[in-house]
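Structural overview
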Amino acid sequence: MTVITNIEDLRVLAHKRVPRMFYDYVDTGSWTEGTYRANEDDFQKIKFRQRVAINMDNRTTRTQLVGQDVAMPVALAPVGSTGMQWADGEILAARAAGKFGVPFTLSTMSICSIEDVAANSPYPFWFQLYVMRDRAFIERLIERAKAAKCSALVLTLDLQILAQRHKDLKNGLSVPVKPTLASIANLLTKPSWCLAMAGTKRRQFGNIVGHVKGVDNMGSLSEWTTRQFDPTLNWADVEWIKKLWGGKLILKGIQDVEDAKLAVASGADALIVSNHGGRQLDGAESSIRALPAVVDAVGSQIEVHMDGGVRSGQDVLKARALGAKGVYIGRSFIYGLGAMGEAGVTKALEIIHKELDLSMALCGRTDINTIDKSILLPGTLPV
């Protein structure tokens, strides 16, 4: 593919270059994948109002997210096992995001550790936290994020238990990986990926292995993680984490207005309207449909962000028009990473920025900070 014009082009390349089990890990949802599909499909139902004969010069997409200057209202979402899409993937994605001027969020379940990313990328990044039963480990993890000068903590609230994703089971994706004949055959068709992975020391969950007593390999990690995700997570834990962290706190996984009000009461700086990319509760409302009600209920009291189904700059503009201060891309940057490494992440950001900038101009606006729902065709708004 000589000309890459959109995120779909990057997805096609990633599908060719990344082993099936790791590609499917990202490009999948839970159960019927209905919510996964709705996240993307519902964006397409929203239409713009085209405006003409308006001065479109001197445009800007610059804004702020939780007090941080950004080149556009976009952040890279936390994605587990990013380093299995491309060797040292978290480091490469952090560099690309930093150079572009948008935040990168490192997952608890990353391949490269907090320290790895901090040592190999000069740009500040955010850290995403899963709450484990081992509270001492959580305390250490937060201290490590502080030491790495992470500028915000993203606390995920919607993964207390793990939903079933059929493709992962069929591909044998587990910790450690249980290869099938089909997955071994597929690996043999990806020699460049295999060579790159052979050339890096980062092939296990760097934030956990070596940082928990008795967890020093992928086998012992499997036993630990199976019993560690904490189903008892509650708002008192959010308060405890906020005090431990002491910095900017973003709560991820809010879909319901009542939960949004509780997020405000917790004192968090922002919330993310998110259904975990359709990977948890299948049948839940798409994020873009859930967004307006949350904004109406709490948008003046807390920054409202969103993720789920964002595949273009037009999606970013629609979310911004419906009240999202910031928009997160997960699969969009992962497709770029799997396709071309760091250059692919940069390409994904360039594509989204160009689409955002041009679409904003064609709607008659020149400043992202003035965008509101008046740029959207009324009859197409989510209800």
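Structural data are supplied above this passage.
So, a few notes on the structure that sits alongside this text. Since the structure is predicted, the reported quantities are computational estimates derived from the model, not experimental observations. (Residues numbered from 1 in each chain as written. Predicted model: local features only at pLDDT ≥ 70, side-chain atom pairs only at ≥ 80, totals over all residues. Heavy atoms only, no water.)

**Focus: the sheet that holds strand β7 (residues 249–254)**
- Reading across the sheet, the eight strands line up as β3-β10-β9-β8-β7-β6-β5-β4 and stay open at both edges, with parallel pairing between neighbours. Across the chains shown, the open sheet's two edge strands, defined by having one partner strand only, are β3 (74–76) and β4 (105–106).
- Both β3 and strand β10 (residues 326–329) contribute to a ladder of three bridges, which runs parallel. Note on β10: the bridge partner recorded for Ala 75 is Tyr 328. (Pairing = 2+ DSSP bridges. Helix = DSSP H or I, 4+ residues; strand = E, 2+ residues; numbered from the N terminus.)

**Points about the pattern of salt bridges**
- Scanning all chains against the criterion turns up 19 salt bridges.
- Here Arg 135 makes a salt bridge to Asp 237, at a shortest N to O gap of 3.2 Å. With Arg 135 in helix α6 (residues 135–147) and Asp 237 in helix α11 (residues 235–245), this residue pair connects regions lying 102 residues apart in the sequence.
- Overall, the relative accessible area of 21% leaves Arg 135 in the partly exposed class.
- Several salt bridges converge on common partners, so that one network encompasses Asp 88, Asp 116 and Arg 202. (Salt bridge = Lys/Arg side-chain N within 4 Å of Asp/Glu carboxyl O. Buried < 20%, exposed > 50% of the residue type's maximum accessible area, 1.4 Å probe, protein only.)

**Some thoughts on the packing of helix α12 (residues 257–265) against helix α13 (residues 287–298)**
- Two numbers describe how α12 lies on α13: the axes approach to 9 Å, and their chain directions differ by 40 degrees. Between α12 and α13, the angle falls in the class oblique. You can see that α12 and α13 cross each other, and the crossing is right-handed. Counted together, Val 257, Ala 260, Lys 261 and Val 264 of α12 and Ala 293, Val 294, Ala 297 and Val 298 of α13 form the full contact between these two elements.
- Along the lines of polarity and charge, the residues of the contact of α12 with α13 split into seven nonpolar, no polar and one charged. (Axes fitted to C-alpha atoms, helices over the stretch in contact; angles between N-to-C directions. Parallel < 35°, antiparallel > 145°, perpendicular 65-115°, else oblique. Left-handed = near helix turned anticlockwise from the far one by under 90°. Contact = heavy atoms within 4.5 Å. Nonpolar A, V, L, I, M, F, W, Y, C, P; charged D, E, K, R; others polar.)

**Focus on the pairing of β7**
- For β7, a buried count of six out of six residues is recorded, marking the element as mostly surrounded by other parts of the structure.
- In this sheet, β7 lies alongside strand β6 (residues 153–156) in parallel orientation, the contact comprising four bridges. By the bridge assignment for β7, Leu 155 is matched with Leu 251.
- Pairing geometry for β7 and strand β8 (residues 270–273), over four bridges, is parallel. Bridged to Ile 250 within β8 is Ala 270.

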